[in-house]
Amino acid sequence: KERKAAMKKAAAKKRAKRRRRAMIAVTVTLSVIVISIIALIVATVLRVEIVEIDGNTLYTAEQIIEAGDIEAGNSLVFLNKEKLALKLQKKLPFIDSITVEKELPSTLKITVSETTEELCFFDSKTYYSASKSGKVLNEYSSAPEGLCVIETGEGFAFEKGENYTCSDSKKSELLSALLAYSSNSKENETLINISDVYNCYIVIDSQKVALLGSSSYLDGKLKFLPKMLTTLNGENYNF
């Protein structure tokens, strides 16, 4: 009798567990269905109707909307702000930074900060204008006026809308040092040549040529260079 009672009790516990599991499964399923219905309703109601764009001068609002594939009626709920920002920065290189905000129920607000051409890279075939941070902005068949040309030679890769990359660590370090010098210099550097790390040089005002030679002791050379520029007078000076 005790054994039968124990067996009945164990069977009752199993049935109770099965009922609880079934109830949990039903509850979860119903919850998923309800949430899906609510999300569908919300996504249907909250759609893009107004696009506000601020900070743009180089690109029109129409260009930004087209580049972002933004269409009236797009779901505001499922719109990925980060992906949209990256897409716009890639397709419209002169956009330096961008903020995307959703203002319910139907407004998408885009605020952009634009950049300008500060540098020009030359890989022996094509000229690439770039921002101060190194983002490639445009391609040219000839050097654009007013920009310092950096002759890189091999080891660099340039893709419009992306920062340039360099697989040569020596050239990368050399370029960083020379760009830092140029940004603090009072002179007008018109060309920086690092195509040969053992024979790099700087051209100032398209006349004065400072032959730096190898990248060895570069800090000392650059520190000494401003003192020598006053004596160059259009002549070459070899360190």
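One can find the structure itself at the top, above this paragraph.
Residues numbered from 1 in each chain as written. Predicted model: local features only at pLDDT ≥ 70, side-chain atom pairs only at ≥ 80, totals over all residues. Heavy atoms only, no water.

**Q** Please give an account of the sheet that holds strand S3 (residues 107-114) that cites residues and values.
**A** In space, the three strands of this open sheet follow the order S1-S3-S2, with mixed pairing throughout. Both outer strands of the open sheet, strand S1 (50-54) and strand S2 (95-103), are each paired with one neighbouring strand and no more. Strand-to-strand twist in this sheet, taken as the mean axis angle between neighbours without regard to direction, amounts to 15 degrees. Against the sheet, helix H3 (residues 81-91) engages S2 and S3, with an angle of about 150 degrees to S2. (Pairing = 2+ DSSP bridges. Helix = DSSP H or I, 4+ residues; strand = E, 2+ residues; numbered from the N terminus. Axes fitted to C-alpha atoms, helices over the stretch in contact; angles between N-to-C directions. Contact = heavy atoms within 4.5 Å.)

**Q** Would you mind going over the nonpolar core in detail, with residue names and values included?
**A** Core analysis: the largest hydrophobic core is formed by 25 residues, its most contacted members being Phe121, Leu178, Ile202 and Leu222. Listed by contribution, the elements that provide at least two residues to this core are strand S4 (119-122), strand S5 (127-130), strand S7 (148-151), helix H4 (169-184), strand S11 (200-204), strand S12 (208-213) and helix H5 (218-232). The residues contacting Leu178, other than those within four sequence positions of it, are Ile192, Ile194, Ile202, Leu212, Leu218 and Leu222. Residues Ala67, Leu84, Ala85 and Phe94 belong to the second largest nonpolar core, which totals 20 residues. (Core = buried A, V, L, I, M, F, W, Y, C linked by side-chain atoms within 4.5 Å. Buried < 20%, exposed > 50% of the residue type's maximum accessible area, 1.4 Å probe, protein only.)

**Q** So, the environment of Tyr198: which residues are in play, and what are the values?
**A** Turning to its location among the elements, Tyr198 is positioned in the loop between strand S10 (189-193) and S11. On the basis of relative accessible area, Tyr198 is assigned to the exposed category, the value being 57%. Considered as a pair, Tyr198 and Ser216 are 18 residues apart in the sequence and their alpha carbons are 8.6 Å apart. If we ignore the near neighbours within four places in the chain, the residues touching Tyr198 are Lys170, Gly213 and Ser214.

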